[in-house]
Amino acid sequence: MSDPTVTVIIGAYNAMPYLTRCLESVVEQSLGTYELECLAVDDGSTDGTGEELDRFAAKHPDTVRVVHQPNSGGPSGPRNVALGLARGRYVFFLDADDYLGPNALRRMIDMAERNSSDVTLGKYVGINCTVPVSMFEANQEVVDLATSRVWYALTPHKLFRRSFLDEHRLRFDEDVHIGEDRIFVTKAYLLASAISVVADEDCYFKVKRDDQGNITSNYRDLMERFEVARRLMTAITAYSEPGPVRDAALLRHFRGGLLDSFSWRFPLMEESDRLKAMGIAKEQLDAFYTPELDARMTAWLRLFAHCAQHGLQQELIDIIDFRTEASRKRQPPYGTVVENGRAYAVYPYFRDEKAGIPDSCYDITDELQQNDRLDAVEWHEARRRGVLRLRGYGYIEHVDTRKPATELVLRLRNDGREVRVPTRRTALPALTPEQGHAFDHRLSGFTADIDITRAMDGAPLPTGIWDVYLNVLTQGLSTQRRFGARKADDLAPARGGRSGRLAVKPYYTQGYANLSLDVTAAAQKKAKGSKQGGRGGLTGLGRRIGKRGLRKLKRLSRLSGGRGAAPRG
């Protein structure tokens, strides 16, 4: 019997009733059961999971193999057991709660074969839960780890070349019970010769259990998170050289592994555990945390890093408690101070001389988000020309709107040329602290008139598609983004019109529904009274010589006193 193309590995512990659909999705793969094997390890289940696995093995004896073992306490043991028994050229890790799309394995194997990929990701779909999506915007034959978003998809639910795993002796750490998949996948990413992404096929369906029964959902041991973070940093430096790929890996794990472990649970830990956790963090920060990485962190992560490095335990606890309380009350997490074109979050110990935490830790300038809304797109006739009038509002979150200089930016899609359109300020009394807003945005409303015949420094706009952006400026701060995705509930259909030799048609893009303008040459109007095949209704001599010729004859007639021309000779 020849070896299968792929082995689907399932570690199962008390997975009923989800397991049934999981197994069905494997044996129903379009790849065909003759090219796959399903290797399931029952990890000491007590709810009928073992019996369901045996039922499927009896029904599909050439496809499904089952191993029964005492409970190991986590997913790593069953996965490693199955890896040692797998016969497929590839292996795919499938959780017993989840299931595959019907074409998942075929699509991923085709991608892996085409690119000699060691790791291949297939698009995730969340069932009653969120899943990573940013890395699945388009198919990627071979990703660039220095810039790719695959760093934010570190679960093991991927296709791996088995010879690659064996060559590098990649296995799951069995002495940790959460985050073991991050360690495994991070090593695989850094060692892989090629990584590919299938984004146009729903491959992996992640299911949130009603009983929250999976291992990750029940885990609460914060100290183990810090230990996993330590192992991750060690793996990154062991399997990568200094440079952009290592920086991308470190950034991911400082953000989403080490520093974010200082959560609301940290103040609840025993004093000895807090000191140990801060020690682990300081060790990794001192070794690998650079100014370049610091600049790419959010303010609260920079604060956590500074406190951990400088032994400011009480300050760290106070900052965490401050954020936790604000979140509980559903309030903005901080006030804001704006100075010299920079914005600072007023977290505890801001400019406290005794704590000595630098302002740079509180700097949120690069984190500021823009909030805007489109309220109207209307065509207005103005004398002999028309203008496209836009109304709406835009402001920078967490910053009071003072002396705004908001403007529209029109960008020609085919070559990037830009036109800036000033706006007129309109008041919005509802966006004030008195109306429940934490910041004052009453001056954020605007009206803008786009004159397509004069918008380009007094000249007409070139024809083409112009994408509309909103640039919000206040207190020396500036944000810009595509405009129109958020719309007023009573927004009327967008109306365009004609001005001079141009016409404009506003529309909303597919997907994000942003506003764009289609500027075209206007169709020329026919002369009044024109008829097909004639010149303004002229007949006889007039049709032959035209209106200009007739006017010349009339002038000659007046000059000669109405007499005809004198006869020759």
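Scoring rules and cut-offs
Residues numbered from 1 in each chain as written. Predicted model: local features only at pLDDT ≥ 70, side-chain atom pairs only at ≥ 80, totals over all residues. Heavy atoms only, no water. Pairing = 2+ DSSP bridges. Helix = DSSP H or I, 4+ residues; strand = E, 2+ residues; numbered from the N terminus. Polar contact = N/O pair within 3.5 Å; in protein donor to acceptor, adjacent residues only side chain to side chain. Contact = heavy atoms within 4.5 Å. 1 Å grid on protein atoms, 1.4 Å probe; cavity = no way out; pocket = protein on both sides within 12 Å on 5 of 7 lines; lining within 4 Å. Points joined across faces, edges and corners; volume = space filled by probe spheres on them. Nonpolar A, V, L, I, M, F, W, Y, C, P; charged D, E, K, R; others polar. Phe/Tyr/Trp six-rings, centres within 6.5 Å; stacked < 30°, edge-to-face > 60°. Buried < 20%, exposed > 50% of the residue type's maximum accessible area, 1.4 Å probe, protein only. Lys NZ or Arg CZ within 6 Å of the ring centre and 35° of its normal. Axes fitted to C-alpha atoms, helices over the stretch in contact; angles between N-to-C directions. Disulfide = S-S within 2.5 Å. Core = buried A, V, L, I, M, F, W, Y, C linked by side-chain atoms within 4.5 Å. Salt bridge = Lys/Arg side-chain N within 4 Å of Asp/Glu carboxyl O. Parallel < 35°, antiparallel > 145°, perpendicular 65-115°, else oblique. Left-handed = near helix turned anticlockwise from the far one by under 90°. Arc of directions from axis to C-beta.

Undergrad: Which residues make up the pairing of strand E18 (residues 477-482), and what are the values?
TA: As judged from the 6 bridges shared by strand E17 (residues 464-474) and E18, these two strands associate in the antiparallel manner. Directly across from Leu 473, in E18, lies its bridge partner Ser 478. Where E17 folds back onto E18 in an antiparallel hairpin, the turn is made up of 2 residues, including Gln 475, whose phi is positive at roughly 50°.

Undergrad: So, the side chain of Arg 274: which residues are in play, and what are the values?
TA: Inspection of the secondary structure puts Arg 274 in helix H10 (residues 271-288). Within polar-contact distance, the side chain of Arg 274 engages the backbone oxygen of Met 269 at 2.7 Å. When neighbours within four sequence positions are excluded, Arg 274 is seen to be in contact with Phe 266, Pro 267, Met 269, Gln 313 and Ile 317.

Undergrad: Any chance you could break down empty space enclosed by the protein for me, citing the residues and the numbers?
TA: Under the defined criterion, the tally for this structure stands at 1 cavity of 30 Å³ or more. Taken as a whole, the largest cavity encloses approximately 30 Å³ of empty space. Residues of the lining of the largest cavity, tallied by class, amount to 3 nonpolar, no polar and 4 charged.

Undergrad: Give me the packing of aromatic side chains: which residues, what numbers.
TA: Scanning the entire structure with this criterion turns up 21 aromatic pairs. On the basis of an interplanar angle of 85° and a centroid distance of 5.9 Å, the ring pair of Phe 93 and Phe 184 is categorised as edge-to-face. Of this pair, Phe 93 sits in strand E4 (residues 90-93) while Phe 184 sits in helix H6 (residues 180-191), and the two are 91 residues apart along the sequence. Judged by its relative accessible area of 1%, Phe 93 is buried. By relative accessible area, which is 2% here, Phe 184 ends up buried. Through successive ring pairs, a cluster of aromatic residues spans Phe 226, Phe 262, Phe 266, Trp 300 and Phe 304. In this structure, Arg 21 packs its charged tip against the face of Tyr 99, placed 3.9 Å from the ring centre. Above the plane of the ring of Tyr 469 lies Arg 482, whose end atom (NZ or CZ) is 5.5 Å from the centre.

Undergrad: So what's going on with the sheet that holds strand E1 (residues 6-12)? Which residues, and what values?
TA: Spatial ordering of the open sheet is given by E3-E2-E1-E4-E7-E6-E8-E5, a layout of 8 strands whose pairing is mixed. Single-partner strands in this sheet number two, and they are strand E3 (64-69) and strand E5 (99-100). By the bridge criterion, 3 bridges tie E4 to strand E7 (residues 159-161) in an arrangement that is antiparallel. Counted as the bridge partner of Tyr 90 is Arg 161 from E7. Seen against the sheet, helix H4 (residues 104-115) touches E1, strand E2 (36-43), E4, E5, strand E6 (119-127), E7 and strand E8 (195-207) and runs at an angle of roughly 160° to E8.

Undergrad: So, the state of the cysteines: which residues are in play, and what are the values?
TA: The full count for this structure, using the stated rule, is 0 disulfides. Of the cysteine sulfurs around Cys 38, a residue in no disulfide, the closest is that of Cys 22, at 7.0 Å.

Undergrad: Please set out the nonpolar core residue by residue, giving values where relevant.
TA: By size, the foremost hydrophobic cluster in this structure holds 148 residues, and its most contacted members are Ile 10, Leu 121, Tyr 189, Phe 254, Phe 262, Phe 266 and Leu 408. At 7 residues, the largest contribution of residues to this core is made by helix H12 (residues 299-309). Not counting residues within four places of it along the chain, the set of residues in contact with Ile 10 comprises Cys 22, Leu 23, Val 26, Cys 38, Leu 39, Ala 40, Val 41, Leu 94 and Ala 96. Formed by 5 residues, the second largest nonpolar core is a distinct cluster that contains Tyr 18, Tyr 99, Val 125 and Phe 205.

Undergrad: Tell me about the sheet that holds strand E12 (residues 385-396), residues and numbers included.
TA: Strand order in the open sheet formed by 4 strands is E11-E12-E16-E15, and the pairing between neighbours is antiparallel. Whereas interior strands pair on both sides, the edge strands pair on one side only; in this sheet they are strand E11 (370-382) and strand E15 (424-426). Going across the sheet, the axis of each strand differs from the next one's by a mean of 25°, ignoring polarity. Sheet topology places E11 next to E12; 12 bridges connect them, and they run antiparallel. Paired with Gln 370 across the strands is Ile 396, a residue of E12.

Undergrad: Explain the pattern of salt bridges to me, using residue names and the numbers behind them.
TA: The final tally for this structure, using the stated rule, is 42 salt bridges. Taking the shortest distance from any N to any O, the salt bridge between Lys 206 and Asp 98 comes out at 3.5 Å. On the criterion of sequence distance, the pair formed by Lys 206 in strand E8 and Asp 98 in the loop between E4 and E5 is long-range, its members being 108 residues apart. Here Asp 98 falls in the buried class, since its relative accessible area comes to 0%. What you see here is one network of salt bridges that share partners, running through Arg 79, Asp 95, Asp 98, Glu 180 and Lys 206.

Undergrad: Describe the packing of helix H1 (residues 18-27) against helix H2 (residues 49-59), with residues and values.
TA: Where H1 contacts H2, the axes come no closer than 10 Å and their chain directions differ by 25°. Here H1 lies roughly parallel to H2, going by the angle between them. H2 is crossed by H1, and the crossing has right-handed handedness. Together, Leu 19, Thr 20, Leu 23, Glu 24 and Val 27 of H1 and Thr 49, Glu 52, Leu 53, Arg 55 and Phe 56 of H2 make up the contact between the two elements. Here the residues of the contact of H1 with H2 sort into 5 nonpolar, 2 polar and 3 charged.

Undergrad: Tell me about H2, and name the residues and values.
TA: Those residues of H2 not exposed but buried are Thr 49, Gly 50, Glu 52, Leu 53, Phe 56 and Ala 57. The buried residues of H2 all sit within an arc of 165° when viewed along its axis, so they share a single face. Relative to its buried face, H2 has exposed residues pointing more than 90 degrees away, namely Glu 51, Ala 58 and Lys 59.

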